[in-house]
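Structural description and commentary
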Amino acid sequence: MSKVNDIFDVIEVGIRAESLRQQTIANNVANLQTPGYHRVDVKFQDVLAKAMESSEPVDLDNVETEVYCPNETQVKSNGNDVSLETEVGQMVKNNLRHKTYVRLLQKKYQQIELAMNIK
Amino acid sequence: MEINSLNPIDISLSGLQAQSKNIEIISSNVANAQSTNNGNGQPYRRIEAEMTTNTENMDGVNLDNIIEDMSEFPTIFKPGHPSADERGYVKVPNVTLPTEMMNLNIAARAYQANTAVLKRYQQMVETTLELLR
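In this text, all values refer to a predicted model and were calculated from it rather than measured experimentally.

It is worth spelling out the overall build of chain A at this point. What chain A contains, in helices and strands, is three helices and two strands. Ordered by position from the N terminus, the helices and strands of chain A form the series α-β-α-β-α. Of all 119 residues assigned to chain A, the portion counted as buried reaches 35%. Put simply, 76% of the contacts in chain A that link residues at least 6 apart link residues at least 24 apart. For chain A, the accessible area works out to roughly 7300 Å², and carbon and sulfur atoms hold 55% of it.

In structure tokens form, the structure reads like this:
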């Protein structure tokens with residue numbers, strides 16, 4: 001089902017979510033040794049998918065990215081559950097997604113330019 | 001099976017986590033190679049990582065179980081030692097340092113291998129993204 005949403009808006013929301021996620025990763029790594037700290041993550045993909053599935057056109061400004069504690073990793077003896085490996089992996093994934101969004105945006109601009117050149 | 005283009009990253013990560021836990025276990029063995037009393041009058045018992053996997057889901061490796069090495073404790077003659085028996089023999093941990101060093105090498109190499117896979121996969125996705133240029 002196609003939506004009236006502008007592709008630019010979708011990409012913008014994506015990029016915003018990825019930068020927020022980058023922030024949470026930085027925060028997790030900074031708190032690698034903090035006793036009792038639980039790692040945080042951004043819930044975005046699920047929220048966006050839900051918004052895109054609904055039958056009415058969605059207002060992407062209302063797609064709120066959510067910061068939450070996944071509590072999936074093993075808790076260490078000092079009550080901290082950050083693992084450096086997980087964070088590095090998240091960062092790699094984040095980086096790839098970010099690159100994808102930026103490339104898509106770039107492609108879109110190229111298409112517009114191409115359309116303008118045709119006389 | 002769910003198709004997720006970022007799945008190989010998760011698999012490599014599970015490998016990294018398992019190997020770092022494995023190294024933790026090895027360092028515990030090395031640190032306790034001389035511990036003759038664990039609080040219950042027994043010497044330190046060597047521990048080992050048990051890695052498990054789920055072939056159906058292909059979701060990487062798990063290291064949930066730590067098993068104890070039940071081999072017999074060697075004894076050394078040391079009459080003055082507080083843990084010595086009536087004949088003067090002391091039970092020492094069943095840790096052999098050369099074995100631990102070999103295991104450490106293997107674990108470190110496995111860790112390295114997982115980072116190599118991760119890095120290469122990242123490059124592969126980036127090449128795919130080049131197609132969008």
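Next, the rest of the story.
The subject of this paragraph is the nonpolar core. Counting residues in each nonpolar core, the largest one holds nine residues, listed as Val 92 and Leu 96 of chain A together with Leu 6, Ile 9, Leu 13, Leu 16, Leu 118, Tyr 121 and Val 125 of chain B. Elements supplying a minimum of two residues to this core: helix H3 (84-117) of chain A together with helix H1 (7-31) and helix H2 (97-130) of chain B.

Turning next to the interface of chain A and chain B. Contacts between chain A and chain B engage 18 residues on the former and 16 residues on the latter. Together chain A and chain B conceal approximately 1600 Å² of surface at their shared face, both sides included; 61% is due to carbon and sulfur atoms. Interface area lost by chain A to chain B is led by Glu 85, Leu 96 and Arg 103 of chain A, which between them contribute 41%. Inspection of the chain A/chain B interface yields three salt bridges. The salt bridge partner of Glu 126 of chain B is Lys 99 of chain A, with a shortest N-O separation of 2.8 Å. On the surface where chain A and chain B come into contact, there are eight residue pairs in polar contact (both at pLDDT 80 or more). Each residue belonging to the side of chain A that touches chain B can be placed in one class, and the counts come to three nonpolar, nine polar and six charged.

Residue position: Gln 122 of chain B is located in helix H2. Take Gln 122 of chain B: its relative accessible area is 17%, and that puts it in the buried class. When residues no more than four places from it in sequence are discounted, the contact partners of Gln 122 of chain B are Val 92, Asn 95 and Leu 96 of chain A.

This brings us to the packing of helix H1 (residues 7-30) of chain A against H3 of chain A. Describing two packed helices takes the angle between their axes plus the distance from one axis to the other. All names here are of chain A. Remark: H1 packs on H3, axes separated minimally by 9 Å, with the N-to-C direction vectors making an angle of 160 degrees. Taken together, the axis directions place H1 and H3 in an arrangement best described as roughly antiparallel. Considering the relative orientation of H1 and H3, their crossing is left-handed. When the residues that make up the contact of H1 with H3 are grouped by side-chain class, the tally is 14 nonpolar, six polar and five charged.

Let us look at the confidence of the model for chain A. Reading predicted coordinates in detail is not appropriate for stretches of low pLDDT. Within chain A, residue pLDDT values average 83, and 87% of them lie at 70 or more. The weakest mean pLDDT in chain A belongs to helix H2 (residues 45-53) of chain A at 76; the strongest belongs to H3 of chain A at 91.

As a further point, take the layout of surface pockets. Taken as a whole, the largest pocket spans an internal volume of roughly 1600 Å³. In terms of lining, the largest pocket is formed by 48 residues, of which the most central are Glu 72, Thr 73, Ser 83 and Thr 86 of chain A together with Gln 17 of chain B. For the lining of the largest pocket, the elements supplying multiple residues, two or more each, are strand E1 (41-43), H2 and H3 of chain A together with H1 and strand E2 (61-68) of chain B. Of all the elements, H1 of chain B adds the most residues to the lining of the largest pocket, at 10 residues.

Time to look at the packing of H3 of chain A against H2 of chain B. Look at H3 of chain A against H2 of chain B: their axes get within 10 Å of each other, and the N-to-C directions meet at 10 degrees. When the interaxial angle is binned, H3 of chain A and H2 of chain B end up roughly parallel. When H3 of chain A is examined against H2 of chain B, the residues Glu 85, Val 92, Asn 95, Leu 96, Lys 99, Thr 100 and Arg 103 of chain A are found in contact with a partner set consisting of Tyr 111, Gln 122, Val 125, Glu 126, Leu 129 and Glu 130 of chain B. When the residues that make up the contact of H3 of chain A with H2 of chain B are grouped by side-chain class, the tally is five nonpolar, three polar and five charged.

According to the stated counting rule, one finds two aromatic pairs over all chains in the structure shown. The side chain of Lys 43 of chain A reaches across the aromatic face of Tyr 68 of chain A, ending 4.8 Å from its centre.

Turning next to the side chain of Arg 97 of chain A. Summarising the element assignment, Arg 97 of chain A is placed in helix H3. In this view, Arg 97 of chain A contacts Glu 18, Arg 21 and Gln 45 of chain A together with Leu 6 of chain B; residues no more than four positions away in its chain are not counted.

Conventions we followed
Residues numbered from 1 in each chain as written. Chains lettered and ligands numbered in written order. Predicted model: local features only at pLDDT ≥ 70, side-chain atom pairs only at ≥ 80, totals over all residues. Heavy atoms only, no water. Helix = DSSP H or I, 4+ residues; strand = E, 2+ residues; numbered from the N terminus. Buried < 20%, exposed > 50% of the residue type's maximum accessible area, 1.4 Å probe, protein only. Contact = heavy atoms within 4.5 Å. Areas by Shrake-Rupley, 256 points an atom, 1.4 Å probe, with all protein chains shown as cover. Core = buried A, V, L, I, M, F, W, Y, C linked by side-chain atoms within 4.5 Å. Buried area = accessible area lost by both parts, 1.4 Å probe. Salt bridge = Lys/Arg side-chain N within 4 Å of Asp/Glu carboxyl O. Polar contact = N/O pair within 3.5 Å; in protein donor to acceptor, adjacent residues only side chain to side chain. Nonpolar A, V, L, I, M, F, W, Y, C, P; charged D, E, K, R; others polar. Axes fitted to C-alpha atoms, helices over the stretch in contact; angles between N-to-C directions. Parallel < 35°, antiparallel > 145°, perpendicular 65-115°, else oblique. Left-handed = near helix turned anticlockwise from the far one by under 90°. pLDDT = per-residue confidence, 0-100. 1 Å grid on protein atoms, 1.4 Å probe; cavity = no way out; pocket = protein on both sides within 12 Å on 5 of 7 lines; lining within 4 Å. Points joined across faces, edges and corners; volume = space filled by probe spheres on them. Phe/Tyr/Trp six-rings, centres within 6.5 Å; stacked < 30°, edge-to-face > 60°. Lys NZ or Arg CZ within 6 Å of the ring centre and 35° of its normal.

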